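Letter by letter, the chains look like this.
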Amino acid sequence: MSEETGSEKRALGRHERFRGDYPVVVEGLRNQFGEQVVHEDLDLKVRRREILGVVGGSGTGKSVLMRSIIGLQQPAQGNIEVFGRSITEAEPDENIGIRNRWGVLFQGGALFSTLTVGENVEVPLRQFYPELSPELRREIARYKVILSGLPEEAANKFPSELSGGMRKRAGLARALSLDPELLFLDEPTAGLDPIGADKFDRLTKELQDTLGLTVFLITHDLDTLYAICDRVAVLAEKRVIAVGTIPELLETQHPWIEEYFNGPRGRAAQGTQARSDG
Amino acid sequence: MTGGAEFHLEDSEGGSRLVLSGPYLVSTIGEIDHELREIEGGFASVDLSQVSEIDTVGAWMACTLATRHDAEIVGAGERAQRLLKAVESANSEAEIAAPRLPIHRRVPVEIGKKVFNAGYGIASVIGFLGQIIMGFGSLIRHPGRFRVKALVHQLELVGVNALPIIGLMSFLIGIVIAQQGAVQLQQFGAETLTVNLVGRITLRELGVLMTAIMVAGRSGSAFAAQIGTMKLTEEVDAMRTIGISPIEALVIPRILASTFMMVVLGFYASVVAIIGGAVVGDLMLGIPFWTFLARIQEVVPVYDMWVGLIKAPVFGLIVALAGCYHGMQVSGNSEEVGRRTTMAVVSAIFAVIVIDAFFAVFFTEIGWG
């Protein structure tokens, strides 16, 4: 990649895809709730078209980091750039050009409970592109539902009628509704059975390949890390202590990382991965 | 380049081609979607070679055009080909709106549901009452399970916290009754009867009735919303699995608090209303404040106070029952919480007014007129 876009602060054109190296750049982030400091001097860069896994013990602020990047949590200090634009400094309506370039899957799916799955997928389309004809909007909603791996009958069901796994997929369909370039997934496989989790992993990888997505993936699932993540960022001690492929992480010899990947579960996941590769 | 999506037909050797150019993205396609849908057939291929950017929506558009006109897609780049493959396999005719019956069937179905629900509602209210009585029964057998803390907390929420608002409301009502009553009674030269009017109507009727309406709005709605939200978040189920009866833990403290506090609040409201009347008497009618209060003792029979005090716990019970019942009926989604909360308040106020009418006739008949 020859072009250097880190310094270039030009706004993206309406129909232009982001061509820089790092769609998300977090620098010197500090988050605190009252006296409790969650992040201190946290730096992270997400490469274009990679699946970045974010791991860390409970309470290390993985979700808070995601919420900061998508602008739901105003950081106490630091700068966050998404697609080369600062989220922290931008005026709320300036963010519109960024908001339609990302999709977010919240932990519980966060589907609108009074709308059907298909209507849920339509919501962002209505919001950002009111000029689309209702027919096209319906068609888009339908194929997104299927792309997310749901059966077509699911399109007119209400979220309360779906199982947990299907709700996650429906949430993914809504996150993908605007053809985003950047996808945030908050523990997508938590609460799924191993088969469902495996399928979801493969779906994520497949969609990332086909649609050319950059994926920011928070997870506790070691299998997911081994199976689909290009790089893994480890959150501990209020910052990102290491980013890299899993072998690179193991070389750092940080005790938490050692314990995480070489614990019984870590080794089991490693074994599974070795078997499926071989 | 203007930057929008464009298309034109081009003749070439193998029949005409539909050439798409510019970015075919979700953000650009809205402008040409309509025209593309109405395009006449007669082209054998859809040419994507001049498309600068494409996403799944663009691919979907190309794909539907090709299928509809039985044409083939040519000139697709590597990314376009991947997207085309993905959306092709995702073709679906499924309906996305919730199923909806035609109107000539929907109306009878809705009426039928209403009738059925009315019947079911009566049955389940009786069932709920039964559960509560059972709950009381088991609490009497196991007094250790009774939640004193929850009761005290509810007494505070329902009673103590309501004192300022109910006081203000009653004071103003007392003023209005005294002032309006005096204007009418002056026509007969009987303005001293204002004391009778204020004393009797507040102790017998308005003190308790207005308080019941206030408590229904403040606490009945809160009961329904709290319990309803706990149902949605499965807290109620969690209680059951631990062996805590939600009736004992949630419903009974609220019912006791509301029943007891209604008596206190109703009496308090009547007293404050009389004070409001006395203030008007002092300022407008020339009846000194303390004389007004002394006259109350002479002209208001003591059974007027009993009428109010007997009605109050019944109203409190109704308000709490409606709130808790509708809260426990919540299931499904967040809209249901709002709907049930409204129903709790409306049905509580309605039932209170109906029962008040029965009480009015009853007490007059037994000679407490």
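A short tour of the structure in this document, coming up.

So, unusual backbone geometry
Leaving glycine out, the prevailing phi sign among residues is negative, and the prevailing peptide bond configuration is trans. Residue and element names in this part refer to chain A. Look at Ala-110: it is not a glycine, yet its phi comes out positive at around 50°. On the secondary structure map, Ala-110 appears in the loop between β6 (102–105) and α3 (117–128). Accessibility expressed as a C-beta count within 10 Å gives 16 for Ala-110, which makes it partly exposed.

Side note on the pairing of strand β8 (residues 214–218) of chain A
Residue and element names in this part refer to chain A. For β8, a buried count of five out of five residues is recorded, marking the element as mostly surrounded by other parts of the structure. Burial of β8 is two-sided: the residues Thr-214, Phe-216 and Ile-218 facing one way and the residues Val-215 and Leu-217 facing the other way are all buried. With five bridges joining them, strand β7 (residues 182–186) and β8 adopt parallel strand pairing. Counterpart to Leu-185 in the pairing with β8 is Leu-217. Handedness of the crossover joining β7 and β8 through helix α6 (residues 194–211) is recorded here as right-handed.

A closer look at the packing of helix α6 (residues 163–186) of chain B against helix α9 (residues 246–285) of chain B
Residue and element names in this part refer to chain B. Between α6 and α9, whose axes approach to 7 Å, the crossing angle comes to 45°. Judged by the inter-axis angle, α6 sits oblique to α9. The handedness of the crossing between α6 and α9 comes out as right-handed.

Some thoughts on helix α5 (residues 164–175) of chain A
Residues and elements named next belong to chain A. Look at α5: 16 Å from first C-alpha to last across twelve residues, which is about the 16 Å you get at 1.5 Å a residue. Inspection of α5 places Gly-165, Met-166, Arg-167, Lys-168, Arg-169, Ala-170, Gly-171, Leu-172, Ala-173, Arg-174 and Ala-175 among the buried residues, and these make up the whole buried set. In the core, the buried residues of α5 are packed alongside β6, α3, α4 (134–147), β7 and α6.

Basis of the calculations
Residues numbered from 1 in each chain as written. Chains lettered and ligands numbered in written order. Predicted model: local features only at pLDDT ≥ 70, side-chain atom pairs only at ≥ 80, totals over all residues. Helix = DSSP H or I, 4+ residues; strand = E, 2+ residues; numbered from the N terminus. Buried ≥ 20, exposed ≤ 12 C-beta atoms within 10 Å, placed from the backbone. Pairing = 2+ DSSP bridges. Right-handed = clockwise from strand over helix to strand, strands pointing away. Axes fitted to C-alpha atoms, helices over the stretch in contact; angles between N-to-C directions. Parallel < 35°, antiparallel > 145°, perpendicular 65-115°, else oblique. Left-handed = near helix turned anticlockwise from the far one by under 90°. Expected span 1.5 Å × (residues − 1). Contact = placed C-beta atoms within 7 Å.

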